[in-house]
Amino acid sequence: MNPRHRESSVLLGSLLLATGSPGAVEPGEGGGAAPPSTPALGRVIPAPASVEPRSTPYRITADTRIRTRGAPGVQEVADHLAALLRPSTGHPLPVEEDVPDGIRLLLTDGEPDLGDEGYLLDSGPEAVTITARRPAGLFYGVQTLRQLLPAAVEERTEQPGPWTVPGGTVRDVPRYGYRGAMLDVARHFFTVDQVKRYVDQLALYKLNTLHLHLTDDQGWRIAVDSWPELTTKGAATQVGGGAGGHYTKDEYREIVRYAAARHLEVVPEIDMPGHTHAALTAYPKLNPDGEAPEPYTGVEVGFSTLCVPEEVTYHFVDDVVREVAELTPGDLLHIGGDEADATPKDEYAHFMDRAQALVTRHGKTVMGWHQLAGARPVAGAVIQYWGYDATSEEERRQVVDAALAGAKVVLSPADRSYLDMKYTEATELGLDWAGRVEVRRSYDWDPATYLDGLPEEALLGVEAPLWTETLATSAELEVMAFPRLPGIAELGWSPRATHDWDGYRQRLAAQAPRWDALGIRYHRSPQVPWPQQ
Ligand code: NGO
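Quantities reported herein were computed from a predicted structural model and do not represent experimental measurements.

Caption draft 1: Looking closely at the packing of aromatic side chains. Scanning the model with the defined rule gives 24 aromatic pairs in all. Centroid distance Trp-227 to Phe-316: 5.0 Å. Interplanar angle 85°. Geometry classified as edge-to-face. With Trp-227 in the loop between β13 (219-220) and α5 (229-232) and Phe-316 in helix α8 (residues 312-326), this residue pair connects regions lying 89 residues apart in the sequence. Trp-227 gets classed as buried once you look at its relative accessible area, which sits at 7%.

The following block contains the structure:
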């Protein structure tokens, strides 16, 4: 994370205390002309760093224009905004250069405290002006603007309006530079369109990283030209025995492009040396016993391993990492490393040494599940902690020690941020090995103090993984992700000073009509005061 972000969030956090919690401003308050369906300034998820309401709203009308100034990346944000607003408002909303009023998207060289992702949003009778140093900041400002409009703006057919944006100023920067969501496309395969749908949902909450779990025992989901049978044989099935599937390189590039257009970076994961059964069905020479096993359609973990002593294993890893790195504009490449229970203990660290060296050689930064901390993480490796309350002190300590030695950490505590955990005993989908995780438990923790002794500068951020042993459709993904995903997004974005369960659950409830308009299914947790349906 850019240390500047942290300083400015602290500052803005105290500003916020002076101006009141974003959830505390009631709809219509301070904005006499705003109709009751207009959300109050600040009734946004993630909570903005600071909000100053004024009583002079802006109204989008048939004459509104969107103004840009043609800098690279700005036109795309303007087009994104126009595509969002046109169907529901029915207004033409032309994107033009240098118009004095309307919705203005401006890049600035000033405002160093905004960093690469922060923005200012100012709304008054003449204009809504979003100012940022980079297009990403404008994009996040647009997501805020979107949530400041009535939920009906999300409909894809013309709606009555009025389209009123509450007046005032929002000044906002993220707390952490890494705000991720992981999708497991290996246990059940999800099509490019299904992944895009999820990406759209992540973008609404200002997440900036899509981690794709591309390989596991049940299927290998990404084409590798030098090892073609990984997908001709290794992608043929999934949990429960369905047809499986994989992404061609062009399809994968399309996911990367689509995510980048929404300011999300894709982190590909090739899980090794365990979770590799699908690869072994395709290439038995990678298997310690040299035999070709039958495809696996169950949900057990920890039974497969690549053959660590054989050199062919490293030719394989080299080729796969090279080809996946070529498809990856981002810096991170995730090599898994979890649950290698079938890999002899003394061989695990050796394998991870060689796999990490190959990632580095192909120009990427290593990311791995936190078992990597018990081996020899390379300098600058990113360790993803997925422990939970029952995780031993020793295991946590390994992660902290690795961080003290220079590793970075992303937090995904399984009993807080795993979106596949059941909410309650009654939840039909999902798993419960880490316990049951209702909305409050998922939201109500602080990444900064979660791992005792973790140096502040080592913590890159948070990620919400969605494992799919029990999930096969977009509706099933959504009912597990919503409403917990926005909470993890808020932990990643909002300054700690905004953290407040009572305010949060009000703001969360206010999102429900938006999800209804978007066709997003969600769990109607009794902990949240949902509006009547
Ligand atoms: C664990 C395991 C995955 C499971 C998941 C289910 C990690 C990092 N490895 O998390 O293989 O799918 O739990 O919750």
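Caption draft 2: Quick peek at the site of the ligand. If you check the shell around the ligand, you find 14 residues, and the closest are Arg-187, Asp-338, Tyr-418, Asp-420 and Glu-469. Within the contact set of the ligand, an oxygen atom lies 2.8 Å away from a side-chain nitrogen or oxygen of Trp-433. Considering the ligand on its own, with 350 Å² of exposed area, one finds that the protein chains cover 98% of that surface. For the shell around the ligand, a count of residues per class yields eight nonpolar, one polar and five charged.

Caption draft 3: Spotlight on the sheet that holds strand β15 (residues 332-336). Strand order in this closed barrel of eight strands is β10-β11-β14-β15-β16-β17-β18-β19, and the pairing throughout is parallel. Strand-to-strand, the axes of this sheet are offset by a mean angle of 30°, without reference to chain direction. One ladder, built from three bridges, connects β15 with strand β16 (residues 365-369); its direction is parallel. In the strand pairing of β16, Leu-333 is matched with Val-366.

Caption draft 4: Structural view of helix α2 (residues 74-89). Taking 1.5 Å per residue as the helical rise, α2 with its 16 residues ought to reach 22 Å, and the 22 Å between its terminal C-alpha atoms agrees with that figure. Within α2, the full set of buried residues consists of Val-74, Val-77, Ala-78, His-80, Leu-81, Ala-82, Leu-84, Leu-85, Ser-88 and Thr-89. In this fold, the buried residues of α2 make contact with β2 (58-60), β3 (66-68), β4 (95-97), β5 (102-107), α3 (135-148) and β8 (163-165). Remark: Gly-90 follows α2 within two positions and exhibits a positive phi of approximately 75°.

Caption draft 5: Seen up close, the sheet that holds β4. Pairing is mixed in the open sheet, where seven strands are placed in the order β1-β9-β6-β7-β5-β3-β4. The open sheet has two edge strands, β1 (50-53) and β4, and neither has a second partner. Averaged over all neighbouring strand pairs, the angle between strand axes comes to 15°, with direction disregarded. Sheet topology places β1 next to strand β9 (residues 168-172); four bridges connect them, and they run antiparallel. Residue pairing in the sheet places Ser-50 in a bridge with Arg-171 of β9.

Caption draft 6: Structural context of the domain arrangement of the chain. In terms of domain boundaries, the chain breaks down into domain 1 (50-172) and domain 2 (175-360 + 372-403 + 410-496). Domain 1 and domain 2 are separated by 35 Å when their C-alpha centres are compared. Across the boundary between the two partners, domain 1 contributes 12 residues, which contact 13 residues of domain 2. Interface area for domain 1 against domain 2, summed over the two sides, is near 1000 Å², with a carbon-plus-sulfur share of 54%. At the boundary of domain 1 and domain 2, one finds one salt bridge. Arg-179 is paired through a salt bridge with Glu-117; the nearest N and O atoms lie 2.7 Å apart. At the junction of domain 1 and domain 2, the tally comes to seven residue pairs in polar contact (both at pLDDT 80 or more).

Caption draft 7: How the structure looks around unusual backbone geometry. A cis amide bond links Ile-45 with the next residue in sequence, Pro-46, at an omega value of -5°. Along the chain, Pro-46 falls in the loop between α1 (3-19) and β1. The omega angle of the peptide bond from Phe-482 to Pro-483 is 15°, so this bond is cis rather than trans. Backbone geometry places Lys-206, a non-glycine residue, at a positive phi of 65°.

Caption draft 8: A look at the environment of Val-528. You can see Val-528 is positioned in the segment after α17 (512-518). Judged by its relative accessible area of 5%, Val-528 falls in the buried class. Beyond its immediate chain neighbours, meaning those up to four positions away, Val-528 contacts Val-439, Arg-505, Leu-508 and Ala-509.

Caption draft 9: Expanded view of the pairing of strand β14 (residues 265-272). β14 sits mainly inside the fold: seven of its eight residues count as buried. As defined by bridge partners, strand β11 (residues 209-213) adjoins β14 across five bridges and the pair is classed as parallel. Bridge pairing in β14 links Leu-210 to Val-266.

Caption draft 10: Structural view of the packing of α2 against α3. Contact geometry of α2 with α3 gives a least axis separation of 9 Å together with a crossing angle of 15°. Classified by the angle their axes make, α2 and α3 are roughly parallel. By crossing handedness, the relation of α2 to α3 is classed as right-handed. Judged by residue contacts, Val-74, Val-77, His-80, Leu-81 and Leu-84 of α2 engage Pro-135, Leu-138, Phe-139, Val-142, Gln-143, Leu-145 and Arg-146 from α3. Considering only residue class, the contact of α2 with α3 consists of nine nonpolar, two polar and one charged.

Calculation rules
Here the residue numbers are simple positions, counted from 1 along each chain's written sequence. Totals for whole chains, interfaces and linings use all residues, but because this is a predicted model, local features are given only for residues with pLDDT of at least 70 and pairs of side-chain atoms are given and counted only at 80 or more. Water and hydrogen atoms play no part in the side-chain values, which are based on all heavy atoms of the structure. Whether two aromatic rings pair depends on their centres lying within 6.5 Å, for rings of Phe, Tyr and Trp, where Trp uses its six-membered ring; planes under 30 degrees apart make the pair stacked, over 60 edge-to-face, and the rest tilted. By the criteria applied, helices consist of DSSP H or I runs no shorter than four residues and strands consist of E runs no shorter than two, each listed in order from the N terminus. Residue burial is assigned from relative accessible area. The probe radius is 1.4 Å, only protein chains are included, and a residue is buried under 20% of its type maximum, exposed over 50%, and partly exposed in between. Think of it this way: one heavy atom of a residue within 4 Å of a molecule or strand is enough to make that residue near it. The definition of a polar contact used here is a pair of N or O atoms within 3.5 Å, where within protein one atom must be able to donate a hydrogen and the other to accept one, and adjacent residues in sequence count solely through side-chain atom pairs. Computed with the Shrake-Rupley method and a 1.4 Å probe, the accessible areas treat only the protein chains shown as cover for residues. Any residue that is not Ala, Val, Leu, Ile, Met, Phe, Trp, Tyr, Cys, Pro, Asp, Glu, Lys or Arg is counted as polar, Gly included; the first ten are nonpolar and the last four charged. The pairing criterion is simple: DSSP has to find at least two bridges between the two strands. Axes here refer to lines fitted to C-alpha atoms; in helices the fit is confined to the stretch in contact. Angles between the N-to-C directions go from 0 to 180 degrees. A helix's residues, less one, multiplied by 1.5 Å, set its expected span. In this analysis, two residues are considered to be in contact whenever any of their non-hydrogen atoms come within 4.5 Å of each other. Just so you know, the domain bounds were taken from an automatic or database domain assignment. Take the accessible area each of two parts loses on contact, using a 1.4 Å probe, and add the two losses: that sum is the buried area. Only one rule defines a salt bridge in this text: a Lys or Arg side-chain nitrogen within 4 Å of an Asp or Glu carboxyl oxygen. When describing relative orientation, an angle under 35 degrees is termed roughly parallel and one over 145 degrees roughly antiparallel, while 65 to 115 degrees is termed roughly perpendicular and anything else oblique. Left-handed is the label given to a crossing in which the near helix is rotated counterclockwise from the far helix by less than a right angle, and right-handed is the label when the rotation is clockwise.

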